[in-house]
Amino acid sequence: MEWDFDNSERLENLSYAIGYYRKKSGYSQEQLAEYLGISRQHLAAVEAPGMNRGVSLELLFNIATVLEIEPYLLFKFKIEK
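Values in this document were obtained by computation on a predicted structure and should not be read as measured data.

### Structural notes on helix H1 (residues 8-24)
Here is step 1 of the chain: Relative to the 24 Å expected for 17 residues at 1.5 Å per residue, H1 spans 24 Å between its end C-alpha atoms, a close match to the ideal helical length.
Here is step 2 of the chain: Looking at H1, one finds that the buried residues are Asn 13, Leu 14, Ser 15, Ala 17, Ile 18, Gly 19, Tyr 21 and Arg 22.
Here is step 3 of the chain: On its buried side, H1 packs onto helix H2 (29-36), helix H3 (40-47), helix H4 (57-67) and helix H5 (72-76).
Here is step 4 of the chain: Looking one or two residues beyond H1, the residue adopting positive phi is Gly 26, at roughly 85 degrees.

Dropping the structure here:
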């Protein structure tokens, strides 16, 4: 059996989720990036819906910790189209 691994929609929703919860928590990209120990440019790329940049689980867990949310909320998020 062959699988078609197209996770672009999932990655897009994840990007939107990170930006949504960051803004809801009142952080700028620069502030959140500083807390995470990454550059603002890296965080901007993670949040950019069209970039489809893979994100490590460790970074996702760290983002959830700083934003004080459960990690599953980042995966559950769906943008209304």
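Additional details are given in the paragraphs that follow.
### Structural notes on the pattern of salt bridges
Here is step 1 of the chain: For the structure shown, the criterion picks out one salt bridge.
Here is step 2 of the chain: Glu 47 is the partner of Arg 22 in a salt bridge, and the nearest nitrogen-oxygen pair spans 2.6 Å. You can see Arg 22 sitting in helix H1 and its partner Glu 47 sitting in helix H3, a full 25 residues away along the chain.
Here is step 3 of the chain: Its relative accessible area of 10% is what places Glu 47 among the buried residues.

### Looking at the packing of H2 against H3
Here is step 1 of the chain: Taken N-terminus to C-terminus, the directions of H2 and H3 make an angle of 110 degrees; their axes are 8 Å apart at the nearest point. Considering the angle they form, H2 stands roughly perpendicular to H3. Contact residues: H2 offers Gln 29, Glu 30, Leu 32 and Ala 33, while H3 offers Arg 40, Leu 43, Ala 44 and Glu 47.
Here is step 2 of the chain: When the residues that make up the contact of H2 with H3 are grouped by side-chain class, the tally is four nonpolar, one polar and three charged.

### Re H2
Here is step 1 of the chain: Looking at H2, one finds that the buried residues are Gln 29, Leu 32, Ala 33 and Leu 36. Down the axis of H2, the sector holding all buried residues measures 100 degrees, keeping them to one side. Every exposed residue of H2 that faces more than 90 degrees away from the buried side is listed here: Glu 30, Glu 34 and Tyr 35.
Here is step 2 of the chain: Taken together, the buried residues of H2 touch H1, H3 and H4.
Here is step 3 of the chain: Immediately downstream of H2, the backbone of Gly 37 shows phi near 75 degrees, a positive value.

### Digging into the nonpolar core
Here is step 1 of the chain: Core analysis: the largest hydrophobic core is formed by 18 residues, its most contacted members being Ile 18, Ile 63 and Leu 74.
Here is step 2 of the chain: Sorting the residues of this core by element identifies H1, H2, H3 and H4 as the ones contributing at least two each.
Here is step 3 of the chain: Top element by residues in this core is H4. It accounts for six residues.
Here is step 4 of the chain: In this structure, Leu 74 is in contact with Leu 14, Ala 17, Ile 18, Tyr 21, Leu 60, Ile 63, Ala 64 and Ile 69, ignoring residues within four places of it in sequence.

What counts, and where the lines are drawn
Residues numbered from 1 in each chain as written. Predicted model: local features only at pLDDT ≥ 70, side-chain atom pairs only at ≥ 80, totals over all residues. Heavy atoms only, no water. Helix = DSSP H or I, 4+ residues; strand = E, 2+ residues; numbered from the N terminus. Expected span 1.5 Å × (residues − 1). Buried < 20%, exposed > 50% of the residue type's maximum accessible area, 1.4 Å probe, protein only. Contact = heavy atoms within 4.5 Å. Salt bridge = Lys/Arg side-chain N within 4 Å of Asp/Glu carboxyl O. Axes fitted to C-alpha atoms, helices over the stretch in contact; angles between N-to-C directions. Parallel < 35°, antiparallel > 145°, perpendicular 65-115°, else oblique. Nonpolar A, V, L, I, M, F, W, Y, C, P; charged D, E, K, R; others polar. Arc of directions from axis to C-beta. Core = buried A, V, L, I, M, F, W, Y, C linked by side-chain atoms within 4.5 Å.

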